[in-house]
Amino acid sequence: MAALKILFKWIVLPILALLIIISLGLVVTGNAYIFRGLQLTYLKGENTANIDDYKDFDNRTIHTKDPIVWEKDANFDQVKLTPTLRNALDTDETVAFAIIKDGKLLYENYWQGYSADSHTNSFSMAKTVTTMLYLKAVEDGYISSIDEPITKWLPEYADNQYAQGCTLSHLSAMTSGYDWTEDYYFPINPTAESYYGHDLVKQMVNRDFIEECGGSFKYSSGDTQMLGIALSRALEPHGYTVSSYLEEKFWQPLGMQGDAYWSLDGSESIEKVYCCLNASALDFAKFGQLLLNGGEWQSKQLLSKAHVNFMITPNAQAFAAGQAQIYGHSVWTDMDSPIPFYAMLGHLGQRVLVLPEENVIIVRLGKQKGLPTLVEGFHLEPDLGQYVTEVKTILDVLALE
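Remember, predicted model here, so these are calculated numbers, not experimental data. (Residues numbered from 1 in each chain as written. Predicted model: local features only at pLDDT ≥ 70, side-chain atom pairs only at ≥ 80, totals over all residues. Heavy atoms only, no water.)

Trainee: It is not clear to me how the pattern of salt bridges should be interpreted in this structure. Could you clarify?
Mentor: Where side chains of opposite charge bring their charged atoms close, a pairing between them can arise. Evaluated as defined, the whole model comprises 13 salt bridges. Linking D383 and R351 is a salt bridge whose minimum nitrogen-to-oxygen distance equals 2.8 Å. Here R351 lies in strand β11 (residues 350–355) and D383 lies in helix α12 (residues 382–400), a separation of 32 residues in the sequence. By relative accessible area, which is 2% here, D383 ends up buried. We classify R351 as buried; its relative accessible area is 0%. When salt bridges that share partners are traced, they join R351, K369, E381 and D383 into one network. (Salt bridge = Lys/Arg side-chain N within 4 Å of Asp/Glu carboxyl O. Helix = DSSP H or I, 4+ residues; strand = E, 2+ residues; numbered from the N terminus. Buried < 20%, exposed > 50% of the residue type's maximum accessible area, 1.4 Å probe, protein only.)

Spelled out as structure tokens, the structure:
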């Protein structure tokens, strides 16, 4: 008994005291979100955000109406994956993979208990959708132009010398000069706070613009979330949330096969638009098809062709001479690769790849990014070149049969 008292006094009590001090320190410094982050990651056996997180967050539902099922290609039952692609999908914790050719479903498969009806996190693929929505708001007259000053919708920055010259298009191009650190793994950083925190708007507007806008491309979820705040404020007088606007302008017109869920911040006031649109693989594919179609879907122009071109065209001025031009406006670009493509990409390997010369959409969803198998001539993440080249091989084989 005496030994237990000594153990409690000299070991247990100091540890408890240290934990209390650390906890108080996190609260006082505004980092209490770390507790929620630990609860939803390490205590669940994860080391970062995961594809099923929406179940732990509040969400707004985006309702489907009159679903349109993908028509199957005549070769749907004959497609065989290459050994290289099959091995990659088997070992990279893939949960869904699909190929759409000429607007028809050529291949689909699911792993690890997921199915065609499974909802998983888009992560940063949502950035592309957010920019579609802001451009649609321009077309509807809710925002005056793509180059509208951000201070109209973010008056908190009226006196910031850098923000005064910044437009909404600088946010979609990620050239705003906004102060941001992109990191899903280190717990004390703005990305983690925006994901697990309680008041996203407060967090965002308490950060500054620290450089002249219109400079070099710097990937930043903060830029997209700032764009989302501006969009939300532009839509609110017209009775829309970001989610309900998506529902009316794209989700239902595209005939999505299921509902979607857009996760909200802790105050339930705004969508986490830089991430966290949760849907099925084949519904994500329709956004790729919409881009490939120049904004048209079944003879209806849902987004102008000019705005689609604005998104998918590399923003050349954001890259130095000789540097690969890898980003447009919320769309990744690799148009100088051996097989040109542009893409919606997300943390943990969420991919919607659009191959315009092949008239093909590739969708890959998973729990981690693909293993780094470099393919010569490609400039983005290594798995993308592999997916694109292996699918091209499949298409070439089908063409010969």
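Following the structure, the description resumes.
Trainee: How should the sheet that holds strand β9 (residues 332–334) be read in this particular structure?
Mentor: Two pairing modes exist for strands in a sheet, parallel and antiparallel, and in both the strands are linked by backbone hydrogen bonds. Spatially, six strands are ordered β3-β2-β12-β11-β10-β9 in an open sheet, and the strand pairing comes out antiparallel. The two strands at the open ends of the sheet, each matched to only one other strand, are β3 (104–110) and β9. Across the sheet, the mean angle separating the axes of adjacent strands is 15 degrees when strand polarity is ignored. The pairing of strand β2 (residues 94–101) with β3 spans six bridges and is classified as antiparallel. (Pairing = 2+ DSSP bridges. Axes fitted to C-alpha atoms, helices over the stretch in contact; angles between N-to-C directions.)

Trainee: Sorry, what's going on with the packing of aromatic side chains here?
Mentor: For any two aromatic rings, the description comes down to two numbers: the centre-to-centre distance and the angle of the planes. In total, this model carries 21 aromatic pairs according to the counting rule given. Each ring, one from Y195 and one from Y196, has its centre 4.9 Å from the other, and the planes form 80 degrees; the classification is edge-to-face. Residue Y195 shares its accessibility class with Y196, and that shared class is buried. By way of ring pairs, the aromatic residues F217, Y219, F319, Y327 and W332 are connected into one cluster. Lying over the aromatic face of F57, K272 brings its terminal NZ or CZ to 3.5 Å of the ring centre. A cation over an aromatic ring shows up here: K272 above the ring of Y195, its NZ or CZ 4.4 Å from the ring centre. (Phe/Tyr/Trp six-rings, centres within 6.5 Å; stacked < 30°, edge-to-face > 60°. Lys NZ or Arg CZ within 6 Å of the ring centre and 35° of its normal.)

Trainee: Got a minute to help me understand the nonpolar core in this structure?
Mentor: Judged by nonpolar contacts, the single largest core of 92 residues is most densely connected at Y134, Y195, L246, F250, W262 and F287. Sort the elements by how many residues they give to this core and helix α4 (residues 125–139) lands first, with nine residues. Of all hydrophobic cores here, the second largest spans 33 residues; its members include L81, L85, I326 and L380. (Core = buried A, V, L, I, M, F, W, Y, C linked by side-chain atoms within 4.5 Å.)

Trainee: Before we go on, may I ask you to explain helix α11 (residues 305–312) in this structure?
Mentor: Turning to α11, its buried residues number three or more, namely H307, V308, F310, M311 and I312. Each element contacted by the buried residues of α11 is listed here: α4, α5 (168–173), α10 (281–292), β9 and β10 (341–346). (Contact = heavy atoms within 4.5 Å.)

Trainee: Help me understand the side chain of T167 in this model?
Mentor: Inspection of the secondary structure assignment puts T167 in the loop between α4 and α5. Residue T167 is classed as buried on the basis of its relative accessible area, which comes to 12%. Engagement of the side chain of T167 in a polar contact is seen with the side chain of S169, the distance being 2.9 Å. Setting aside its immediate chain neighbours within four residues, T167 contacts I146, D147, E148, P149 and I150. (Polar contact = N/O pair within 3.5 Å; in protein donor to acceptor, adjacent residues only side chain to side chain.)

Trainee: When you look at the packing of α4 against helix α9 (residues 242–251) in this model, what are you seeing that I'm missing?
Mentor: Axes are the key here: two packed helices are described by the angle between their axes and the distance separating the axes. Two numbers describe how α4 lies on α9: the axes approach to 11 Å, and their chain directions differ by 75 degrees. The angle between α4 and α9 places the two elements in the roughly perpendicular class. Contact residues: V129, M132, L133, K136 and A137 in α4; V242, Y245, L246, K249 and F250 in α9. Classifying every residue of the contact of α4 with α9 by side-chain character gives eight nonpolar, no polar and two charged. (Parallel < 35°, antiparallel > 145°, perpendicular 65-115°, else oblique. Nonpolar A, V, L, I, M, F, W, Y, C, P; charged D, E, K, R; others polar.)

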